[in-house]
Amino acid sequence: MAANVAGRALRDVVFVDGVRTPFGKAGPKGMYAETRADDLVVKAIRELLRRNPQLPPERIDEVAVAATTQIGDQGLTIGRTAALLAGLPRSVPGFAIDRMCAGAMTAVTTTAGGIALGAYDITIAGGVEHMGRHPMGEGVDPNPRFLADKLVDPSALVMGQTAENLHDRFPTITKARTDAYAAASQERFAEAVKAGSISQDLVPVATRSAELGWGLATEDESPRPGTTVEALATLRTPFRPHGRITAGNAAGLNDGATSALLAAEDVARELDLPVGMRLVGYSFAGVDPEVMGVGPVPATEKALSRAGLSIEDIGLFEINEAFAVQVLAFLDHFGIADDDPRVNQWGGAIACGHPLAASGVRLMTQLSRQFAERPDVRYGITTMCIGIGMGGTVIWENPAWNGGDK
């Protein structure tokens, strides 16, 4: 590699494998209402080890687990506690990360940097969010100076209001467009489920309910197949009277966990681990907190520039659908059509859900699977907006690329 530190070449970092629990609806009636957050992420870590039996657990150098609300069963340095609960050797350290929605994404990029530098050979990175037990904002105490000194508009602290602000900034993104995009996301996700594209990475989770007894979560709880634009048009707009953001064109409140295995490419080859995709580069960028949904735009521009690539080089996009308006703002900026088949071809968070800090690895896992089916595609990106005015983008290369156009 061209880059080097103190005369040493940086190592190539690869995404080996990724899994997730089915995503549940947050709340007392959700399938994980009586399931602990740490048990969800432990389940995901154990599944990674089960799928990759050739990996000696003692070779894992770090476990990074993200959670937005680091309290209760999502606290206590969850990366370390989850490693212990998952049965990893006590010699394996761990830590916790918080970058709101991009928590798992940051767990990946942070440990990937350690692999590139030679501090690690193999890491586990992921995230968990139990929004039923820990609603967004639980226990937080924003400094009054944010409002008193007018550092941010009050709407910056309510994600749905920031999405309404994004509509204000981009009036060509109408509610009709966002509803059409949302209905298409539901349809694409339903088709991917039927094709078996989603189930391959879902980890069944035993659930318990005082009312229903024991159960087994095997599929996402939020999708609404058959959703129509006409039905979406009737939903109320809770963040603004006569607004544009509804429960139908935004991701829901969800519980779930993700986990990914990363490695230096030479180590993956040594241990005969699969190589799903190769890390090219990543960037995070800040934007006005009042329109946090535009964050993926500067983050992507920054990542592409540093990698020496252009948007035309990207053959697949996995964009987190926190709100449809946020995805459409990204597409408009880069001149990409609303229905471009390169974008979220298996649907997105509007359908399957968005358990905040867990979602970044879901995007990566889906992109890795799509790469395997598309040897004509060389580069793909995973990108997402982040609360308090940020965006994050990771660029990946397809190891199965056969020299096609992109």
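Residues numbered from 1 in each chain as written. Predicted model: local features only at pLDDT ≥ 70, side-chain atom pairs only at ≥ 80, totals over all residues. Heavy atoms only, no water.

**Looking at the overall build of the protein**
Line of reasoning, step 1. If you tally the helices and strands in the protein, you get 12 helices and 14 strands.
Line of reasoning, step 2. C-alpha extents for the protein along the principal axes are approximately 60 × 55 × 50 Å.
Line of reasoning, step 3. Classification of the 406 residues of the protein by burial places 57% in the buried group.
Line of reasoning, step 4. Here the analysis covers contacts within the protein between residues at least 6 apart in sequence; of these, 79% occur between residues at least 24 apart.
Line of reasoning, step 5. When the accessible surface of the protein is summed, it comes to about 16200 Å², and 54% of that surface belongs to carbon and sulfur atoms.
Line of reasoning, step 6. Treating the 37 positive side-chain charges of the protein as one cloud and the 48 negative ones as another, the clouds have centres 2 Å apart. (Helix = DSSP H or I, 4+ residues; strand = E, 2+ residues; numbered from the N terminus. Buried < 20%, exposed > 50% of the residue type's maximum accessible area, 1.4 Å probe, protein only. Contact = heavy atoms within 4.5 Å. Areas by Shrake-Rupley, 256 points an atom, 1.4 Å probe, with all protein chains shown as cover. Lys, Arg positive; Asp, Glu negative; His and termini not counted. Charge placed at Lys NZ, Arg CZ, Asp CG, Glu CD.)

**Details of the nonpolar core**
Line of reasoning, step 1. Counting residues in each nonpolar core, the largest one holds 75 residues, and the members touching the most others are Ile-60, Val-63, Val-128 and Trp-396.
Line of reasoning, step 2. Residues Tyr-181, Ala-183, Leu-304 and Tyr-379 belong to the second largest nonpolar core, which totals 39 residues. (Core = buried A, V, L, I, M, F, W, Y, C linked by side-chain atoms within 4.5 Å.)

**Quick notes on the UniProt feature "domain: Thiolase N-terminal" (unreviewed entry) in the protein**
Line of reasoning, step 1. Under the UniProt annotation, the feature "domain: Thiolase N-terminal" (unreviewed entry) is placed at residues 13–266.
Line of reasoning, step 2. Taken as a whole, residues 13–266 contains 31% helix and 19% strand, while its terminal C-alpha atoms sit 9 Å from one another. (UniProt positions renumbered as here; feature names shortened; annotations may be inferred.)

**Focus on the packing of aromatic side chains**
Line of reasoning, step 1. Applying the stated criterion to the full structure yields four aromatic pairs.
Line of reasoning, step 2. Ring geometry for Phe-15 against Trp-396: centres 5.9 Å apart, planes inclined by 80°, an arrangement best described as edge-to-face. In this pair, Phe-15 sits in strand 3 (residues 13–20) while Trp-396 sits in strand 14 (residues 390–397), placing the two residues 381 residues apart along the sequence.
Line of reasoning, step 3. Of the residues examined, Phe-15 reaches a relative accessible area of 0% and is grouped as buried.
Line of reasoning, step 4. Every member of this aromatic cluster is reached through a ring pair, and the members are Phe-317, Phe-330 and Phe-334.
Line of reasoning, step 5. Looking at Arg-99, its charged tip hangs above the ring of Phe-284, at a distance of 3.8 Å from the centre.
Line of reasoning, step 6. In this structure, Arg-188 packs its charged tip against the face of Tyr-181, placed 5.4 Å from the ring centre. (Phe/Tyr/Trp six-rings, centres within 6.5 Å; stacked < 30°, edge-to-face > 60°. Lys NZ or Arg CZ within 6 Å of the ring centre and 35° of its normal.)

**Structural notes on the environment of Ile-311**
Line of reasoning, step 1. Mapped onto the elements of the fold, Ile-311 is located in the loop between helix 9 (296–307) and strand 12 (314–319).
Line of reasoning, step 2. Judged by relative accessible area, which is 12%, Ile-311 ranks as buried.
Line of reasoning, step 3. Between the C-alpha atom of Ile-311 and that of Lys-175, which follows or precedes it by 136 residues, the distance is 26 Å.
Line of reasoning, step 4. With sequence-adjacent residues up to four places away left out, Ile-311 is seen in contact with Thr-300, Leu-304, Phe-317, Phe-334, Ile-336 and Arg-342.

**Topic: the layout of surface pockets**
Line of reasoning, step 1. Taken as a whole, the largest pocket spans an internal volume of roughly 1200 Å³.
Line of reasoning, step 2. Lining the largest pocket are 44 residues, with Met-131, Met-136, Met-159, Leu-253 and Leu-356 positioned closest to its centre.
Line of reasoning, step 3. Residues of the lining of the largest pocket, tallied by class, amount to 28 nonpolar, 11 polar and five charged. (1 Å grid on protein atoms, 1.4 Å probe; cavity = no way out; pocket = protein on both sides within 12 Å on 5 of 7 lines; lining within 4 Å. Points joined across faces, edges and corners; volume = space filled by probe spheres on them. Nonpolar A, V, L, I, M, F, W, Y, C, P; charged D, E, K, R; others polar.)

**Topic: the pairing of strand 12**
Line of reasoning, step 1. Across the six residues of strand 12, six count as buried, placing the element largely inside the fold.
Line of reasoning, step 2. Summarising the sheet, strand 12 and strand 13 (residues 379–386) pair through five bridges and their orientation is parallel. Within strand 13, the residue paired with Leu-316 across the bridge is Gly-380. (Pairing = 2+ DSSP bridges.)

**So, empty space enclosed by the protein**
Line of reasoning, step 1. Under the defined criterion, the tally for this structure stands at one cavity of 30 Å³ or more.
Line of reasoning, step 2. Lining the largest cavity, in full, are Val-19, Arg-20, Ser-197, Ile-198, Asp-201, Thr-258, Trp-346, Val-361, Arg-362, Thr-365, Gln-366 and Arg-369.
Line of reasoning, step 3. Among the elements of the structure, strand 3 and helix 12 (359–373) are those that each provide at least two residues to the lining of the largest cavity.
Line of reasoning, step 4. Here the lining of the largest cavity takes five residues from helix 12, the largest share from any one element.

**So, the pairing of strand 6 (residues 94–97)**
Line of reasoning, step 1. Here strand 5 (residues 62–66) pairs with strand 6 via four bridges, running parallel. Paired with Val-63 across the bridge in strand 6 is Gly-94.
Line of reasoning, step 2. Each parallel crossover has a hand, and the one from strand 5 via helix 2 (residues 78–85) to strand 6 is right-handed. (Right-handed = clockwise from strand over helix to strand, strands pointing away.)

**A look at the UniProt feature "domain: Thiolase C-terminal" (unreviewed entry) in the protein**
Line of reasoning, step 1. Within the UniProt annotation, "domain: Thiolase C-terminal" (unreviewed entry) is assigned to residues 278–397.
Line of reasoning, step 2. From the first C-alpha to the last, residues 278–397 spans 5 Å; its make-up is 34% helix and 26% strand.

**Regarding the pattern of salt bridges**
Line of reasoning, step 1. Considering all chains together, one arrives at 26 salt bridges under this definition.
Line of reasoning, step 2. A salt bridge links Asp-220 to Arg-20; the shortest N-O distance between them is 2.7 Å. A residue pair is termed long-range when its members are at least 10 positions apart, and Asp-220 in the loop between strand 9 (213–217) and helix 7 (229–232) and Arg-20 in strand 3 qualify at 200 residues.
Line of reasoning, step 3. Of the residues examined, Arg-20 reaches a relative accessible area of 5% and is grouped as buried.
Line of reasoning, step 4. The residue Glu-270 makes a salt bridge to Arg-59 at a minimum N-O spacing of 3.4 Å. Of this pair, Glu-270 sits in helix 8 (residues 265–270) while Arg-59 sits in the loop between helix 1 (37–51) and strand 5, placing them 211 residues apart in sequence.
Line of reasoning, step 5. Given a relative accessible area of 54%, Glu-270 falls into the exposed group. (Salt bridge = Lys/Arg side-chain N within 4 Å of Asp/Glu carboxyl O.)

**What about helix 6 (residues 175–194)?**
Line of reasoning, step 1. A rise of 1.5 Å per residue sets the reference length of helix 6, with its 20 residues, at 28 Å; its end C-alpha atoms lie 29 Å apart and thus fit the reference within 8%.
Line of reasoning, step 2. Every buried residue of helix 6 is accounted for by Lys-175, Thr-178, Asp-179, Tyr-181, Ala-182, Ala-183, Ser-185, Gln-186, Arg-188, Phe-189 and Ala-192.
Line of reasoning, step 3. Buried residues along helix 6 sit in contact with strand 3, helix 5 (159–169), helix 7, helix 10 (324–333) and helix 11 (349–352).
Line of reasoning, step 4. Once helix 6 ends, the next one or two residues include Gly-196, with phi positive near 80°. (Expected span 1.5 Å × (residues − 1).)

**Side note on the packing of helix 5 against helix 10**
Line of reasoning, step 1. Following both chains from N to C, one finds helix 5 and helix 10 inclined at 40°, their axes separated by 9 Å at the closest point. Looking at the two axes, helix 5 sits oblique to helix 10. Helix 5 and helix 10 meet at a crossing whose hand is left-handed. Contact with helix 5, carried on its side by Ala-163, Leu-166 and His-167, involves Val-325, Gln-326 and Ala-329 of helix 10 and no other residues of that element.
Line of reasoning, step 2. In terms of residue class, the contact of helix 5 with helix 10 is built from four nonpolar, two polar and no charged. (Axes fitted to C-alpha atoms, helices over the stretch in contact; angles between N-to-C directions. Parallel < 35°, antiparallel > 145°, perpendicular 65-115°, else oblique. Left-handed = near helix turned anticlockwise from the far one by under 90°.)

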